[in-house]
Amino acid sequence: MAKDSYLVGLIGSGIGPSLSPALHEREAGRQGLRYLYRLIDIDTLGVRPEAVGDLLRAARDLGFDGLNITHPCKQLVIEHLDALAPQAEALGAVNTVVLDDTGRATGHNTDVTGFAASFARGLPDAPLERIVQFGAGGAGAAVAHATLTLGAGRVTVVDAMPERAATLAAQLNRHFGDGRADHAAPDRLAGLLTRADGIVHATPTGMAAHPGLPLPAELLHPGLWIAEVVYRPLETELLRTARALGCATLDGGGMAVFQAADAFRLFTGREPDTVRMLADITDLAGALGAPQ
């Protein structure tokens, strides 16, 4: 028989402002499910990211059905899992763990599918020959995989830590084929953006704790599209500046919704209504007022 009661959670650092609990619980309520989504913040608990294995075991002992995993635990959790879905294995990062009735823990990555679905919905006709991506962290790896899966010709990764950008580019080339990815230092941006079709922004810049732009505003031009992963606020300074120039833009709300929908499906086996969930995130983000 299908279950009608679920206990899930999110493990990460500084996750108090997350909208994931509300997104999951609202959709579950509409489907007549009892669904409790708990935040397990390592900062509040006073433990290091390496404690993710202990937290996973505790969640399994307490009867959790699944966990979402976020920064800085997406890579660290892997060694504590029993199995990995192919996409999570290829990416080397997990953001969703399903715990079955026997306690077996299987890792998935719904960041990739979430960004891909959001991009296909929000920028369906965007040219994909040359993409410049800011950020080579966990979110950056996921969205780079997503854009290449969508058919991007070449992704050039730019990061403040050049070695991290080089590592991601090498991983992408191994997975998608030589020449599909490159890396560059920030001082090459002017030349890269002159020839680029679009920008994917996958750093924390634009969030309340990290205000501002990830690049000089004068490097933007109307020939670029801009895709953002930050969703609090939905309109970052980057998106506001780009829209004023006439650029096509995509906010981070869609990725947040579609990755949550994919996780909900994995946890419950039920089909979420993403149209309702997209309305939810607009409502939730708007209700917060000031950027969070």
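Residues numbered from 1 in each chain as written. Predicted model: local features only at pLDDT ≥ 70, side-chain atom pairs only at ≥ 80, totals over all residues. Heavy atoms only, no water.

The complete set of buried residues in helix α9 (residues 237-244) reads Leu 238, Leu 239 and Ala 242. What you see down the axis of α9 is that its buried residues fit within an arc of 95°, all on one side. The inward-facing, buried residues of α9 abut β10 (198-201), β11 (225-228) and β12 (248-250). Following α9 by one or two positions, Gly 246 adopts a phi angle in the positive range, close to 95°. (Buried < 20%, exposed > 50% of the residue type's maximum accessible area, 1.4 Å probe, protein only. Helix = DSSP H or I, 4+ residues; strand = E, 2+ residues; numbered from the N terminus. Arc of directions from axis to C-beta. Contact = heavy atoms within 4.5 Å.)

One can describe the packing of helix α6 (residues 138-149) onto helix α7 (residues 162-176) by two numbers: an axis separation of 11 Å at closest approach and a directional angle of 35°. Both α6 and α7 take part in a crossing whose hand is right-handed. Residues Gly 140, Ala 141, Ala 144, His 145, Leu 148 and Thr 149 of α6 touch α7, and the partners they reach there are Leu 168, Gln 171, Leu 172, His 175 and Phe 176. Its residues placed into classes, the contact of α6 with α7 shows six nonpolar, five polar and no charged. (Axes fitted to C-alpha atoms, helices over the stretch in contact; angles between N-to-C directions. Left-handed = near helix turned anticlockwise from the far one by under 90°. Nonpolar A, V, L, I, M, F, W, Y, C, P; charged D, E, K, R; others polar.)

Take Cys 247: it is sitting in the loop between α9 and β12. When its relative accessible area of 7% is taken as the criterion, Cys 247 is described as buried. Spatially, the C-alpha atom of Cys 247 lies 26 Å from that of Gly 138, the residues being 109 residues apart in sequence. Look past the residues within four positions of Cys 247 in its chain and what remains in contact with it is His 221, Pro 222, Leu 224, Ile 226 and Ala 242.

Before going further, it helps to spend a moment on the sheet that holds strand β6 (residues 105-108). Taken in spatial order, the six strands make up an open sheet running β2-β1-β3-β5-β6-β4, and their pairing is mixed. Each of the sheet's edge strands pairs with one partner strand only, and the pair in question is β2 (34-41) and β4 (83-84). As judged from the eight bridges shared by strand β1 (residues 5-12) and β2, these two strands associate in the parallel manner. Considered in β2, the bridge of Gly 9 is made with Arg 38. Where helix α1 (residues 20-30) meets the sheet, it contacts β2 and β3 (66-69), and its direction lies at approximately 170° from that of β2. (Pairing = 2+ DSSP bridges.)

The next point concerns helix α5 (residues 110-122). The end-to-end C-alpha distance of α5, which contains 13 residues, comes to 18 Å, matching closely the 18 Å that a straight helix rising 1.5 Å per residue would cover. Of the positions making up α5, those classed as buried are Thr 110, Asp 111, Val 112, Gly 114, Phe 115, Ala 116, Ser 118 and Phe 119. If you check the start of α5, you find a side-chain oxygen 2.9 Å away from the backbone N of Asp 111, and it comes from Asn 109. (Expected span 1.5 Å × (residues − 1). Polar contact = N/O pair within 3.5 Å; in protein donor to acceptor, adjacent residues only side chain to side chain.)

This paragraph deals with the packing of aromatic side chains. Throughout the structure, instances matching the rule amount to four aromatic pairs. Judged by centre distance (5.9 Å) and plane angle (40°), the ring pair of Phe 115 and Phe 119 falls under tilted. Of this pair, Phe 115 and Phe 119 both sit in helix α5, separated by four residues, roughly a single helical turn. Take Phe 115 and Phe 119: they sit in the same class, and that class is buried. (Phe/Tyr/Trp six-rings, centres within 6.5 Å; stacked < 30°, edge-to-face > 60°.)

The subject of this paragraph is the pattern of salt bridges. Working definition: two side chains of opposite charge can pair if their charged atoms are close together. Applying the stated criterion across every chain, the model contains 18 salt bridges. The salt bridge involving Glu 50 is made with Arg 48; its shortest N-O contact spans 3.4 Å. A relative accessible area of 44% places Glu 50 in the partly exposed class. The partner of Asp 182 in a salt bridge is Arg 154, and the shortest N-O contact between them spans 3.5 Å. Taken as a pair, Asp 182 in strand β9 (residues 181-184) and Arg 154 in strand β8 (residues 154-158) lie far apart in primary sequence, 28 residues in all. The class of Asp 182 is partly exposed, set by a relative accessible area of 23%. Residues joined in a network through salt bridges with shared partners are Arg 26, Glu 27, Arg 30, Asp 273, Arg 276, Asp 280 and Asp 283. (Salt bridge = Lys/Arg side-chain N within 4 Å of Asp/Glu carboxyl O.)

So, on to the sheet that holds strand β7 (residues 130-134). Strand order in the open sheet formed by six strands is β9-β8-β7-β10-β11-β12, with parallel pairing between adjacent strands. The sheet is open, and its two borders are formed by β9 and β12, each paired with just one other strand. Strand-to-strand twist across the sheet, computed as the mean angle between neighbouring axes with direction ignored, equals 20°. Across three bridges, β11 lies against β12 in parallel orientation. Among the inter-strand pairings, Trp 225 is bridged to a residue of β12, identified as Ala 248. Where α7 meets the sheet, it contacts β7, β8 and β9, and its direction lies at approximately 170° from that of β9.

Here is a general trend for soluble globular proteins: nonpolar side chains tend to be buried in one another's company. Among the nonpolar cores identified, the biggest contains 32 residues, and Phe 115, Phe 119, Trp 225 and Ala 227 are the most heavily contacted of them. Elements represented by at least two residues in this core include exactly α5, α6, β8, α7 and β11. It is α6 that provides the largest number of residues to this core, a total of six residues. Those residues in contact with Ala 227 that sit more than four places away from it in its chain are Phe 115, Phe 119, Leu 123, Ile 199, Val 200, His 201 and Leu 250. Ile 42, Val 52, Cys 73 and Val 97 belong to the second largest nonpolar core, which has 18 residues in total. (Core = buried A, V, L, I, M, F, W, Y, C linked by side-chain atoms within 4.5 Å.)

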